[in-house]
Amino acid sequence: MAGIVGTLATAAIACAALALAGYAAPNWLVLVATLAFSKGLVALGIVALMRGGLVSFGQGTFYCAGAYAAGMAMRSLGIGDATVLVALGAIAGLILGVIIAPLLAGYRGIFFATLTLALSMIVYGILNKTYSLGGSDGLNLHAPTFFGYHPPRSQDASYALFLFTSLVTVVAAALCRIHFDSVRGLLSLAARDNEIRVEYLGASVRWVNGINFVIAAVLGGVGGALSALSLGHIDPDFAFWATSGEFVFLAILSGYVSVTAVFVAAILLELVRSFSSQYFPNTWQGALGVFLLLIILFLPGGLGSLALRLRPSGAKPVQASADKSE
Amino acid sequence: MKLRGFAAALAAGAGVLGAFATGAAAQDDNVFRLAFVAFLSGPAAESFGKPAVQGAKTVIDALNAGSLPKPYDKIGFGGLKIEVQLIDEAGGATKQVEELRNAFERDHVDAVLGYVSSGDCLAVSPAAEELKKLLVLFDCGTPRIFEENKFKYVFRTAAHGAMDNVAMARYLVKRGIKVPDVGAINQDYAWGQDSWKDFKGSLAQLEPEAKAKVELWPKFGAGQYGTEISTLLQENPALVYSSLWGGDLQAFVLQAAPRGLMKDRVVVLSASDHVLPPLGNKMPDGVIIGARGSNGQFAEKSPINDWYVTALAAAHPGLIPVQPHYRAAQGLLGLKTAVEKAMAANGGKKPTSEEMAAAMVGIEWDAPPGHIKLALGDGHQAIQSNAAGRSKWDPDAKMVRLIDIERFAAECVNPPPGIKSVDWIAQGFPGAKCE
Amino acid sequence: MPRTSVKLAAAILIDGVIDASWLFIVAVGLTLVFGVLNILNFAHGSLFAVGAYAAASAVGWYYGGDLGPPFLGYLLMLGSALAVALILGPLLERGVLRFFYRRDEVVLVLVTYALFLILEDATKLIWGVESYYASEPYGLLGNVSFFGLSYVGYDFALIGLALVAGLLLWFGLNRTVTGKIVLAVIHDRDISRAMGVNVTRVFAFAFTLGVFLAALGGAFTAPKISVQPGIGITVILLSFAVVVIGGLGSVEGAAIAALFVGFARAAAIHLVPWAELFIVYLVMALVLAFRPEGLFQRTAARKI
């Protein structure tokens, strides 16, 4: 493993590359990328959980919490600074995550998935009926500022938000990569493989899963706040099961080996969705379905496995098998 | 994470972006590019999406052929042929914001006309405003768009939902229908919640003795109403109100009618004219029907309405026009009026978004549902007349006719400028001009 | 005047049972497919919709042409569900799903989600976005009155259908040789294979049966509704909730869970209507809090 230095170097290069790409790219692409990164962050949280063997179908809860935290802070407290709003989103995710993690840490497999789903749908129901938070119509937000910088034109606002989102994304991705390569992160992989052996060897699987859950919650909150700022609109659909499902699909699509793959997959998915909508307005769903099937068929380890194949031969990292042992 | 692997991933990503970044259409000064957004899939497709597209296509084809009556006889918009691009509204508000931005920034459309769902309307309006591009909302019901925001580039060419229920309450009064209690069944989301609140509030002003006895809130899309019907039957209110629409309303009627819920009591379905053609004689007689405006059979005779009915019949034989057809037409004609007004002011050139937005403020025009005026929201929100009637199956014509029609002037059932709908209803409709 | 508690209790009971029967018919296919193939079939709702469309088309053709005795319409609905199963079952299982059997459970959910997307648009391409009705069969069984409430006879017939389907499934699984082989595969795929069971054939059979049950639910729901795009989407979530509460893979569990949810919904609507939106998830959360694997947990060998 290249270690922390390698990861940080990669992060710095990524920042620069994204800044350049965002400057050169057309405006619509910049928004697509911004939203893709926000969703990718939430999916990254699910990847963190997946490394421990858990799949959460309820990340919408934290996505929604982050979005509404940012939204309500902007509307009720008048806070307009993007950094503060995203930090509030992260804190909202953190608080909720810390509360919920102990309740759910005992569950596994499909039952963990369904409990998280039930939770997110309850949040959806509550928000739907809360008129003061806009009910099912949701609330509108105005454009955020960046340390006092008020973007004058729409293109500047998009680019500023893209830069900000990219920065947050790269930082989060780097931190995750460092965590994944750390002892605790590698323990997740071991727990995914065989929990009993891990416990026998003296580590606590509960702790591992709990920490992964809180990481996912924080990432969900950050992603939610960023989405809220990009869209200028929050509504209870952020907690709907289909939204949570979308993040899970993104996580599965990218696999849990490569952190970069999550964001490449996110952008790819947004682009495919957008172009299906443009060229097949009547059958874009089917087009998306076919695309998903092809990816799953030809890339069994997710998009991240593409990166694996480019690795210098010989060094094979620790990777628990994605296939069922038959 | 190996550097090479990362670089490869980045290259792949850039390659993908590069490949897709082409395909943007160039600006063209000889056509007017319009994006039309409605539900092409999902639950609202059958009831609101497809009819809206049918109506829009009929009007656009006729506009491009110059075959409308005066004052709409210019080809397209002021001589510019209209190129329309359809966008599916299904997929959630997030997707709609992305699609709106793609339409304006990637596909260089000149204006977007659309949106049936209130949530989508609320989500896309700030995006269009930020892009400083013209957005015309044609269907959604929530009053919030202009009551809680100020927009320069966003307009709504149809009246919002408050008037539906004020009209329903006034219909009861006009027809001398007095009831001791009311039962309600509405979908549990903003449309259902707002509709019931408006109706309940209006009734409290106009018939204070009527008490709300039972309020049921099925989930949107539930489709199974057996228990709700049992509850309503047992509670036995004298009036049953519902803002259900589309497939849910059809399922409700199919399940309620055989059990006698719609007999021996007043049934008010506030936005239901669109289910009459598919249901046909499965809709019982005597149900009080609303169409969210003087749409379909409620439309009064006028040259533009006569033209529209004929044009629709020619393009779709056997079609019975309902509210979405009418709202699509009124939206297009309103947009045409604004564009041509802007072109008259700028010497006949294709207008910019600023010019169109400035020209559209406060306009009035004649459309199939009658006279439309952008009187609210600082000249951005339309008001129009409304009507209500009763259902009656006509076995010879094989369609449900609307009888016992009562009409309400625009200023009677829409709030005046400067006051929110909820407050206007709660204060007893100050400033309402009913005869 | 408030309703008497006897009338109220009776209404909740009857409405609960009617709702429960509908929930059971609609959900049991999902639990069976999970039990045998370990696949959470996201496309279940779309198969329900296809069943509804097929039945509506068949019924429309039959009654429209006045082609025979009215009660034969029910057989036609059954037949259309069977046709859907025989066409789509093998097509989807052999044609798509079998390439993914060696993969993780979660990947299969993604596959079935992709299938759901494809089926939604395929359905739209075949049948368009108009409404279809199959309402003649709904009125054929007249009305029944209980405690002053009028019910449609058809809804009670659905209770009968649910009972018959449930009993046939239980009997088929537990008392026939084929059924016991299926149970063996549910219990342990590898050992069954080692004992000479053609697991591939069992998968194909079980999936087709699951498609049949989904289509059956759709076919027999069609007379009560307007068949149009979107009817499958609510069904997915409801079936999922029922199946999870009952325990994935358990037919008895699905039955008990359907009763739980049916009564909970009926009670909520009659007594606390504003809670209708959440009641299903509340029940799900409560049951899972005490029995995380659902009411009837599958015994599974633990691999150390």
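Predicted model, so just to flag it, every value in this text is computed and none were measured.

What counts as what
Residues numbered from 1 in each chain as written. Chains lettered and ligands numbered in written order. Predicted model: local features only at pLDDT ≥ 70, side-chain atom pairs only at ≥ 80, totals over all residues. Helix = DSSP H or I, 4+ residues; strand = E, 2+ residues; numbered from the N terminus. Rg over C-alpha atoms; globule rule 2.2 N^0.38 Å. Buried ≥ 20, exposed ≤ 12 C-beta atoms within 10 Å, placed from the backbone. Contact = placed C-beta atoms within 7 Å. Axes fitted to C-alpha atoms, helices over the stretch in contact; angles between N-to-C directions. Parallel < 35°, antiparallel > 145°, perpendicular 65-115°, else oblique. Left-handed = near helix turned anticlockwise from the far one by under 90°. Nonpolar A, V, L, I, M, F, W, Y, C, P; charged D, E, K, R; others polar. Expected span 1.5 Å × (residues − 1). Pairing = 2+ DSSP bridges. Right-handed = clockwise from strand over helix to strand, strands pointing away. Domains from an automatic or database assignment. Bend = angle between axes of the 7 residues up to and from the residue. pLDDT = per-residue confidence, 0-100.

Summing up its helical and strand segments, chain A has 13 helices and two strands in all. Whereas a compact globule of 326 residues would reach a radius of gyration of roughly 20 Å, chain A reaches 19 Å, a difference of no more than 12%. Dimensions of chain A, computed from the C-alpha atoms along their principal axes, are close to 55 × 45 × 40 Å. For chain A, with 326 residues in total, the buried portion stands at 60%. Taking all contacts inside chain A whose residues are at least 6 apart in sequence as the whole, residues at least 24 apart take part in 81%.

Here the focus is the overall build of chain B. Scanning chain B from N- to C-terminus turns up 15 helices and 15 strands. Buried positions account for 62% of the 435 residues belonging to chain B. Contacts in chain B between residues far apart in sequence, at least 24 positions, make up 70% of those at least 6 positions apart.

Running from amino to carboxyl end, helix α12 (residues 284-298) of chain A crosses helix α4 (residues 105-127) of chain C at an angle of 150°, the nearest separation of the two axes being 7 Å. Accordingly, the angle class assigned to the pair α12 of chain A and α4 of chain C is roughly antiparallel. Classified by chirality, the crossing of α4 of chain C by α12 of chain A is left-handed. Counting all contacts with α12 of chain A, which are made through Q285, G286, L288, G289, V290, L292, L293 and I296 of chain A, the residues of α4 of chain C involved are V107, L110, V111, A114, L115, L117, I118, E120, D121 and A122 of chain C. Its residues placed into classes, the contact of α12 of chain A with α4 of chain C shows 13 nonpolar, three polar and two charged.

With that settled, consider helix α7 (residues 190-206) of chain B. The end-to-end C-alpha distance of α7 of chain B is 24 Å, a good match for the 24 Å that 17 residues give at a rise of 1.5 Å each. With 12 of 17 residues buried, α7 of chain B is to be regarded as a mostly interior element.

Take the interface of chain C and chain B next. Counting residues at the interface gives 36 residues for chain C, matched by 34 residues for chain B. Examining the composition of the side of chain C that touches chain B, we find that six residues originate from one element, helix α1 (residues 5-37) of chain C, more than from any other. Grouping the amino acids of the side of chain C that touches chain B by side-chain chemistry returns 16 nonpolar, 10 polar and 10 charged.

Now for the pairing of strand β9 (residues 266-269) of chain B. Residue and element names in this part refer to chain B. When strand β8 (residues 239-242) meets β9, the two strands line up parallel, connected through four bridges. Considered in β9, the bridge of V240 is made with V267. Between the parallel elements β8 and β9, the chain passes through helix α9 (residues 246-256) in a crossover that is right-handed. Judged from the two bridges that link them, β9 and strand β10 (residues 288-290) form a sheet pairing that is parallel. Among the inter-strand pairings, V268 is bridged to a residue of β10, identified as I288.

Take the packing of helix α2 (residues 27-51) of chain A against helix α6 (residues 154-181) of chain A next. Residues and elements named next belong to chain A. The N-to-C vectors of α2 and α6 enclose an angle of 20°; their axes lie 9 Å apart at closest approach. What the angle tells us is that α2 and α6 run roughly parallel. The element α2 and its partner α6 pack so that their crossing is left-handed. Along its contact with α2, which presents N27, V30, L31, A33, T34, F37, S38, G40, L41, L44, A48 and R51, the element α6 presents Q155, S158, Y159, L161, F162, T165, S166, T169, A172, A173, C176 and F180. The residue makeup of the contact of α2 with α6, split by class, is 14 nonpolar, nine polar and one charged.

Let us look at the domain arrangement of chain B. We note that the domain assignment places domain 1 (31-160 + 300-383) and domain 2 (162-291 + 386-426) within chain B. For the side of domain 1 of chain B that touches domain 2 of chain B, the element with the most residues is helix α2 (residues 44-65) of chain B, which contributes five residues.

On to the environment of Q96 of chain B. Residues and elements named next belong to chain B. As for its placement among the helices and strands, Q96 is situated in helix α3 (residues 93-106). On a C-alpha basis, the gap between Q96 and Y115 in space is 9.2 Å, while along the polypeptide they are 19 residues apart. Filtering out sequence-adjacent residues up to four positions away, Q96 remains in contact with E89, D120, A123 and V124.

This part is about unusual backbone geometry. Residue and element names in this part refer to chain B. P71 follows K70 through a cis peptide bond whose omega is 5°. A positive phi is found at D404, a non-glycine position, where the angle reads about 50°. Relative to the helices and strands, D404 is located in strand β15 (residues 399-408). Since 14 C-beta atoms lie within 10 Å of it, D404 is described here as partly exposed.

Further remarks concern the pairing of strand β6 (residues 181-185) of chain B. Residue and element names in this part refer to chain B. Along β6, four of the five residues are buried, which leaves the element largely enclosed by surrounding structure. In terms of strand pairing, β6 meets strand β7 (residues 211-216) through five bridges, oriented parallel. Residue pairing for β7: A184 is matched across the bridge by E215. At this point the chain moves from β6, through α7, to the parallel β7, and the crossover so formed is right-handed.

Glancing now at the sheet that holds β8 of chain B. All names here are of chain B. Pairing within the open sheet is mixed, and its seven strands lie in the order β7-β6-β8-β9-β10-β14-β15. Across the chains shown, the open sheet's two edge strands, defined by having one partner strand only, are β7 and β15. Averaged over all pairs of adjacent strands, the angle between strand axes in this sheet comes to 25°, irrespective of strand direction. Here β10 runs beside strand β14 (residues 386-394); their pairing, made up of three bridges, is antiparallel.

Residues and elements named next belong to chain B. Look at α2: 30 Å from first C-alpha to last across 22 residues, which is about the 32 Å you get at 1.5 Å a residue. Remark: the principal bend of α2, roughly 25°, maps to K50, with a proline, P51, within the next four residues. Of all 22 residues in α2, 16 are buried; the element is thus mostly enclosed. Just downstream of α2 lies G66, where phi reads positive at about 70°.

All names here are of chain B. Chain-level pLDDT for chain B is 91 on average; 94% of the residues reach the 70-or-more range. Below pLDDT 50 for its whole length, residues 19-24 participates in seven contacts with residues either more than four positions away or in separate chains. Overall fold confidence for the complex sits at a pTM of 0.91, while the interface term, ipTM, reaches 0.92.

Moving on, we come to the confidence of the model for chain A. Averaged over all residues, the pLDDT of chain A equals 86, while 93% of them reach at least 70. Taken element by element, chain A is modelled with least confidence in helix α13 (residues 304-309) of chain A, mean pLDDT 67, and with most confidence in helix α3 (residues 60-76) of chain A, mean pLDDT 94.

Time to look at the environment of F62 of chain A. All names here are of chain A. Among the structural elements, F62 can be located in helix α3. Linking F62 and F238, residues 176 residues apart in sequence, is a C-alpha distance of 9.0 Å. In contact with F62, other than residues within four places in its own chain, are G93, L96, G97, A217, G220, G221 and G224.

Attention now moves to the environment of S188 of chain A. All names here are of chain A. Its location among the elements puts S188 in helix α7 (residues 183-193). Separated by 21 residues in the primary sequence, S188 and N209 place their C-alpha atoms 7.5 Å from one another. If we ignore the near neighbours within four places in the chain, the residues touching S188 are R51, G52, V208 and N212.

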